Amino acid sequence: MRGRELRGELDAFLAEMEQDLVAFRRDLHMHPELAFAEYRTTQRIAERLTAAGLTPSVLPRGTGLICDVGSGDGPTIALRADIDALPLQDEKDVPYRSTVAGACHACGHDVHTTVLLGASLFLAQQAAAGLLPGRVRLIFQPAEELPGGALEVMAQGGISGVDRIFGLHCDPRVDVGQLGLRSGPITSACDKIAVRVSGPGGHTARPHLTADLVFALAKILTELPAALSRRVDPRSSLSLVWGKVVAGSAANAIPDDGVAEGTVRCLDENAWHAAPDLIKSLLESVASAYGVEATLDYTRGVPPVVNDEVSVEMLGEAAEQALGAGAVVPTQQSLGGEDFAWYLESIPGAFARLGTRSPDGIAYDIHQGTFDVDEQAIAMGVRVMATTALTSLWEVGPLDSITSAMA
Ligand SMILES: [Zn+2]
Ligand SMILES: [Zn+2]
């Protein structure tokens, strides 16, 4: 690896800053804000960045911000944190418990935000000392949980000119001090579908003179998942599961209308892209066999986060340098969704799992009102993010800018 050893500098930075960062996280935790309502959170971040001599640019809706550190001709590396909370009740009994009824940082985005703030302050010091051979774009993204905040950032040009992007997510199944990594897909896609069938309706005595809508709907309910299992590579684990079916009102009347709703989950990016057209054509062929009309309403959620191999290597090497040998552990692809995926549809990057479990401590889960982290994870995250940004700039940047930066 090219460049300098950063551990000593990060040790000194964190010796001074760690308690301050923990306090920052606790303040966010006490004042959670839901998707696209993160006004206070955005202001708190902006104040800290401005005080460090940076120039944050708040997104047009007033929540979330983007800020560049350094302006060199070198490459641009983006670091992303999500800043929104969940509409859940905080069930913890801690001094920093949420003060907002029905809102809670139960997905750890307060930790992601604080980690990125810490990395930002360290990188600002590096830039001021002329040690940043390129540019680091800090993305404090709103509304991950909606999801959709990533698309808002992209619509504002947030990743234009960015060569690589990195992000972290708290993982309460991984010990603090460790980082879970995986090449390829690390989260899953999840979409919603609604099928509406219609026909003339009629007496159950004479199905042949009308279209037997309930029978056709039942065929759709079983045939669609069955056909998908034969038309899509089983390794993509594309699954259509129905959650709601409504049709009819009397035992002896064939209705003229029926609805089925369900979710489509998928581990593979290509299968996800192909899913809407495939489901539509299968639906039409089943419906036409029984003489009913069928329409498909397909609502896209997020694609899977697909980690780029080179970026995973960069992040892994940086994490080993920052946290010590053996800190990087393999992780599985989760069935959850994460809108970081949208960035990786456009540019290479990697998303990692930041260990937040105290060794032998309580096994929390995210999206629950009891979720909490071992706050040592904040300093660990800062080390990983700051080291990743600098080592990636050194890796892809021109050699002369490194030598001049180190001179
Ligand atoms: Zn979440
Ligand atoms: Zn999350």
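Each value, and the rule that gives it
- Residues numbered from 1 in each chain as written.
- Chains lettered and ligands numbered in written order.
- Predicted model: local features only at pLDDT ≥ 70, side-chain atom pairs only at ≥ 80, totals over all residues.
- Heavy atoms only, no water.
- Helix = DSSP H or I, 4+ residues; strand = E, 2+ residues; numbered from the N terminus.
- Buried < 20%, exposed > 50% of the residue type's maximum accessible area, 1.4 Å probe, protein only.
- Contact = heavy atoms within 4.5 Å.
- Areas by Shrake-Rupley, 256 points an atom, 1.4 Å probe, with all protein chains shown as cover.
- Donors = N, O, S within 2.8 Å, 3.2 Å for Na, K, Ca; no water.
- Pairing = 2+ DSSP bridges.
- Axes fitted to C-alpha atoms, helices over the stretch in contact; angles between N-to-C directions.
- Phe/Tyr/Trp six-rings, centres within 6.5 Å; stacked < 30°, edge-to-face > 60°.
- Lys NZ or Arg CZ within 6 Å of the ring centre and 35° of its normal.
- 1 Å grid on protein atoms, 1.4 Å probe; cavity = no way out; pocket = protein on both sides within 12 Å on 5 of 7 lines; lining within 4 Å.
- Points joined across faces, edges and corners; volume = space filled by probe spheres on them.
- Nonpolar A, V, L, I, M, F, W, Y, C, P; charged D, E, K, R; others polar.

**Q** Can you walk me through the overall build of the chain in this structure?
**A** When helices and strands are counted, the chain shows 10 helices and 16 strands. Taking the principal axes of its C-alpha atoms as reference, the chain extends roughly 90 × 45 × 45 Å. In the chain, which comprises 407 residues, the share counted as buried stands at 53%. Taking the intrachain contacts of the chain between residues at least 6 apart in sequence as the baseline, contacts between residues at least 24 apart amount to 82%. Summed over its atoms, the accessible surface of the chain is roughly 16,800 Å², and 51% of this surface lies on carbon and sulfur atoms.

**Q** Looking at this structure, how should I read the environment of glutamate 9?
**A** Within the secondary structure, glutamate 9 sits in helix H1 (residues 7-30). Glutamate 9 gets classed as partly exposed once you look at its relative accessible area, which sits at 29%. Along the primary structure glutamate 9 and glutamine 126 are separated by 117 residues, whereas in three dimensions their C-alpha atoms are 9.9 Å apart. In contact with glutamate 9, not counting residues within four places along its chain, are Arg4, Phe122 and Gln126.

**Q** Sorry if this is basic, but what is going on with the coordination of the zinc ion (ligand 1) here?
**A** The coordination sphere of the zinc ion (ligand 1) contains the protein donors Cys107 (SG), Glu145 (OE) and His367 (NE2), at a distance range of 2.0 to 2.2 Å. When the donors of the zinc ion (ligand 1) are listed by position in the chain, the intervening gaps give C-x37-E-x221-H. Judged by relative accessible area, which is 22%, glutamate 145 ranks as partly exposed. On the basis of relative accessible area, histidine 367 is assigned to the partly exposed category, the value being 40%.

**Q** So what exactly am I meant to see when it comes to the coordination of the zinc ion (ligand 2) here?
**A** Ideal values for angles at a metal depend on the geometry: 109.5 degrees with four tetrahedral donors, 90 or 180 degrees with six octahedral donors. For the zinc ion (ligand 2), every protein donor is listed as Cys107 (SG), His109 (NE2) and His169 (NE2), and the spread of their distances is 2.1 to 2.4 Å. Read from N- to C-terminus, the donor residues coordinating the zinc ion (ligand 2) fall into the pattern C-x1-H-x59-H. The distance between the zinc ion (ligand 2) and the zinc ion (ligand 1) is 3.1 Å, with cysteine 107 acting as a donor to both metals. Taken together, the positions of histidine 109 in helix H3 (residues 109-128) and histidine 169 in strand S5 (residues 164-175) put the pair 60 residues apart, joining distant regions of the chain. When sorted by exposure, histidine 109 lands in the same class as histidine 169, which is buried.

**Q** Help me out: how do you make sense of the sheet that holds strand S6 (residues 179-181) in this one?
**A** The strands making up a sheet associate through hydrogen bonds between their backbones, and the pairing can be parallel or antiparallel. Reading across from one edge, S1-S2-S4-S3-S5-S16-S6-S15 is the order of the eight strands in this open sheet, with mixed pairing throughout. Since the sheet does not close on itself, it has two edges, and those belong to strand S1 (57-58) and strand S15 (328-330), each with one partner. Across the sheet, helix H2 (residues 39-51) lies against S1, strand S2 (65-69) and strand S4 (135-141), angled at about 15 degrees from S2, the strand it touches most. Across the face of the sheet, helix H7 (residues 309-323) comes into contact with S5, S6, S15 and strand S16 (349-357) while running at roughly 60 degrees to S5.

**Q** Which parts of the structure should I look at to understand the pairing of S16?
**A** Along any regular strand the residues' side chains alternate between the sheet's two faces. For S16, the buried fraction is high: eight of the nine residues fall into the buried class. Pairing analysis gives eight bridges linking S5 to S16, with the strands arranged parallel. In the strand pairing of S16, phenylalanine 166 is matched with alanine 350. Pairing of S6 with S16 involves two bridges; the strand directions are antiparallel. Looking at S16, one finds that glycine 180 is bridged to arginine 353.

**Q** How do you make sense of the packing of aromatic side chains when you look at a structure like this?
**A** The geometry of two aromatic rings is summed up by the distance between their centres and the angle between their planes. Applying the stated criterion to the full structure yields five aromatic pairs. Note on tryptophan 272 and tryptophan 342: the rings are 6.1 Å apart at their centroids and 70 degrees apart in plane angle, and the pair reads as edge-to-face. In this pair, tryptophan 272 sits in helix H6 (residues 269-289) while tryptophan 342 sits in helix H8 (residues 341-344), placing the two residues 70 residues apart along the sequence. The same class applies to tryptophan 272 and to tryptophan 342, which are both buried. One residue, arginine 61, lies across the ring of phenylalanine 36, its end atom 3.6 Å from the ring centre.

**Q** What am I meant to see in the layout of surface pockets here?
**A** If a probe as big as a water molecule is rolled over the atoms, it shows which places are left empty. Approximately 690 Å³ is the volume found for the largest pocket. In terms of lining residues, the largest pocket is bounded by 30 residues, among which Glu145, Gly336, Gly337, Glu338 and His367 are the most central. Taken together, the elements giving at least two residues each to the lining of the largest pocket come down to S5, strand S8 (189-198), strand S12 (257-266), strand S13 (293-302) and S16. Sort the elements by how many residues they give to the lining of the largest pocket and S5 lands first, with five residues. Looking at the lining of the largest pocket residue by residue, the class counts come to nine nonpolar, nine polar and 12 charged.

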